[in-house]
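Breakdown of the fold
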Amino acid sequence: MTARRPHRSRGSAASPQQALAGSSFGTRLFLALTVVVVGCAVSAWLVASALAPGIFHDHLGQAGIDHNSSQAAHVEEAFAWAIVLAWGLAVAVAVLLALAVSWYITRRVQRSLTAVTTSTARIAGGRYDTRVSSPGLGREFDDLALTVNELARRLDATEATRRRMLADLGHEMRTPIATLDSYLEALDDGVRTFDDDTRQVLRAATHRLGRLAQDITAVSRAEEHLTRIRPVPITTGVLVTAAVDAVRERYENKGVELHSRLDDSLIVSVDPDRLGQVLGNLLDNALRHTPTGGTVTVTSRRANRDRVEITVADTGEGIAPEHLDHLFDRFYRADTARDRRHGGSGIGLTITRALVEAHHGRIRAHSDGPGRGARFTIELPVIAV
């Protein structure tokens, strides 16, 4: 009994496209360059073979050599062999050199792409400290490496903010929930009665949870620009004066001097209520972190031809350099214990930045270090008069 050979259908053979489908970019690039090099060599050979004999034959006639003579035949045969040997050797050397250069370039490109692919895979796996070194293949590849590194840096910062936010939320919720649980348990056990003191404690705990929920909603709306902005033309002098007058009494009660300096009062298009909220947040923040006898100064001045700056500077506790880049992050607090004692939830500056950016402005913070005060600067576009 003879063994039957396995039948293979016509369509089972892999096509060139299917064979290349699983190949790497470097392989495809090298094959493409090989086809170009070989095609150019063959084209040059065909052109030389087609044109050179005819041109040489015409020159023999112009030199007075009979085409049918044995001398002409010998000369033409010598020329043909010279063309074959010279062009063959030249084409072979050119093809080898071109293929060697193509292989080197392909290897460099493939190595760089592999490094980027490996790094992005690590970043996708949560290793945000991964960085891509510059491949040195040109501006486009350098820009790609910089973009991947910036993506990793931002993801790392976002993940750190998320962890910190969850930790802060858990801590903020733990205290009122523990208070509610302990008092309700005491009521169930008959240890306490539902008197005015118990009612006030329970209400304070629920109020704290409610305020936390409102803060989360407020910062989300502000960052997503869902807060409605109604801009009107108004001078920075009016904004500064209104904000200073609104908090002056609280500053006097604490014994902190409050000054306003209007070097330039320029017209801007803003929502007075929202910019008042921004300046109010900055002034409240300055008051919390400036001790009795300190000074807070609000200044309005022209930054350049089409921008104006409003600065809130204090002589208070100051900010360490490592905290400056994170001050406007959600729930970030440079001194957690201090801010919790003052009642801050860590989102005031986040809302402030969102509102400033909604007015096409920018805000930045500066401090020379702990104990040397802080300065917050709002930059807004000026309306051309």
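Residues numbered from 1 in each chain as written. Predicted model: local features only at pLDDT ≥ 70, side-chain atom pairs only at ≥ 80, totals over all residues. Heavy atoms only, no water.

Another aspect to go through is the overall build of the protein chain. Across its full length, the protein chain holds ten helices and seven strands. The buried share among the 385 residues of the protein chain stands at 31%. The contacts in the protein chain between residues at least 6 apart in sequence include a share of 69% that link residues at least 24 apart. Carbon and sulfur atoms make up 57% of the accessible area of the protein chain, which totals about 23,700 Å². (Helix = DSSP H or I, 4+ residues; strand = E, 2+ residues; numbered from the N terminus. Buried < 20%, exposed > 50% of the residue type's maximum accessible area, 1.4 Å probe, protein only. Contact = heavy atoms within 4.5 Å. Areas by Shrake-Rupley, 256 points an atom, 1.4 Å probe, with all protein chains shown as cover.)

At their nearest, the axes of helix α6 (residues 236-254) and helix α7 (residues 272-288) sit 9 Å apart, and the two run at 30° to each other. Comparing their axes, α7 and α6 come out roughly parallel. For the crossing formed where α6 meets α7, the hand is right-handed. Together, Leu239, Val240, Ala243, Val244, Val247, Arg250, Tyr251 and Lys254 of α6 and Pro272, Leu275, Leu279, Leu283, Asp284, Ala286, Leu287 and Arg288 of α7 make up the contact between the two elements. (Axes fitted to C-alpha atoms, helices over the stretch in contact; angles between N-to-C directions. Parallel < 35°, antiparallel > 145°, perpendicular 65-115°, else oblique. Left-handed = near helix turned anticlockwise from the far one by under 90°.)

Turning our eyes to something else, we now look at the side chain of glutamate 379. Mapped onto the elements, glutamate 379 comes out in strand β7 (residues 374-381). Exposure remark for glutamate 379: the relative accessible area of 6% places this residue in the buried category. Separated by 2.4 Å, the side chains of glutamate 379 and arginine 362 make a polar contact. Looking at glutamate 379, its side chain comes within polar contact range of the side chain of arginine 364, at 3.4 Å. (Polar contact = N/O pair within 3.5 Å; in protein donor to acceptor, adjacent residues only side chain to side chain.)

With 17 residues, α7 extends 24 Å between its outermost C-alpha atoms, agreeing within 8% with the 24 Å of an ideal straight helix rising 1.5 Å per residue. Of all the positions in α7, only Leu275, Val278, Leu279, Gly280, Leu282, Leu283, Asn285, Ala286 and Leu287 are classed as buried. (Expected span 1.5 Å × (residues − 1).)

Now for the pairing of strand β3 (residues 267-270). Taking every second residue as pointing to the same face, the buried face of β3 carries Val268 and Val270, while none of Ile267 and Ser269 on the other face is buried. Of the pairings in the sheet, the one linking strand β1 (residues 232-235) to β3 comprises four bridges and is antiparallel in character. Across the sheet, the residue bridging to threonine 235 is isoleucine 267, located in β3. (Pairing = 2+ DSSP bridges.)

The next point concerns the environment of glycine 316. With respect to the helices and strands, glycine 316 occurs in the loop between β5 (307-314) and α8 (321-324). Separated by 23 residues in the primary sequence, glycine 316 and glycine 293 have C-alpha atoms spaced 9.7 Å apart. Leaving out residues up to four positions away in the same chain, glycine 316 has contacts with His289, Thr290, Pro291, Gly371, Arg372 and Gly373.

Bringing unusual backbone geometry into the picture now. Residues other than glycine seldom take positive phi values, yet histidine 360 does so here, at roughly 60°. With respect to the secondary-structure elements, histidine 360 resides in the loop between α10 (348-358) and β6 (362-366).

Bringing the sheet that holds β5 into the picture now. As summarised here, the arrangement of the five strands in space is β2-β4-β5-β7-β6, forming an open sheet in which the pairing is mixed. Unpaired on one side and paired on the other, β2 (257-262) and β6 mark the two borders of the sheet. Each neighbouring strand pair of the sheet contributes to a mean axis angle of 15°, computed without reference to strand direction. Of the strands in this sheet, β2, β4 (295-304) and β5 are in contact with α6, which crosses β2 at around 175°. This element, α10, spans β6 and β7 of the sheet and lies at about 140° to β6.

What follows deals with the packing of α7 against α10. Packed helices, taken two at a time, are described by the angle between their axes plus the distance between the axes. For the pair α7 and α10, interaxial distance at closest approach is 9 Å and the crossing angle is 145°. As α7 packs across α10, the resulting crossing turns out to be left-handed. Between α7 and α10, the contacting residues are Arg274, Gln277, Val278, Asn281 and Leu282 on the first element and Gly348, Leu349, Ile351, Thr352, Leu355 and Val356 on the second. A class-by-class count of the residues in the contact of α7 with α10 yields six nonpolar, four polar and one charged. (Nonpolar A, V, L, I, M, F, W, Y, C, P; charged D, E, K, R; others polar.)

Along the chain, threonine 352 falls in helix α10. Excluding its chain neighbours within four sequence positions, the residues that come into contact with threonine 352 are Val278, Asn281, Leu282 and Ile363.

With that out of the way, let us pick up the confidence of the model for the protein chain. Here the protein chain averages 78 in pLDDT, while 76% of its residues score no lower than 70. Taken element by element, the predicted model of the protein chain shows its lowest mean pLDDT in helix α9 (residues 336-342) (43) and its highest in β5 (95). Confidence drops under a pLDDT of 50 for residues 1-13, and excluding neighbours within four residues, the segment shows two contacts in the predicted structure. Residue range residues 336-343 is modelled with pLDDT below 50. Its contacts to residues more than four positions away, or to other chains, number 13 contacts. (pLDDT = per-residue confidence, 0-100.)

A few words now on the pairing of β5. Counting buried positions over the eight residues of β5 gives seven, a clear majority of the element. Of the pairings in the sheet, the one linking β4 to β5 comprises eight bridges and is antiparallel in character. The residue of β5 that forms the bridge with serine 300 is isoleucine 310. The antiparallel pairing of β4 with β5 creates a hairpin that spans two residues between the two strands. The pairing of β5 with β7 spans eight bridges and is classified as antiparallel. Pairing of aspartate 314 across the sheet is with alanine 374, part of β7.

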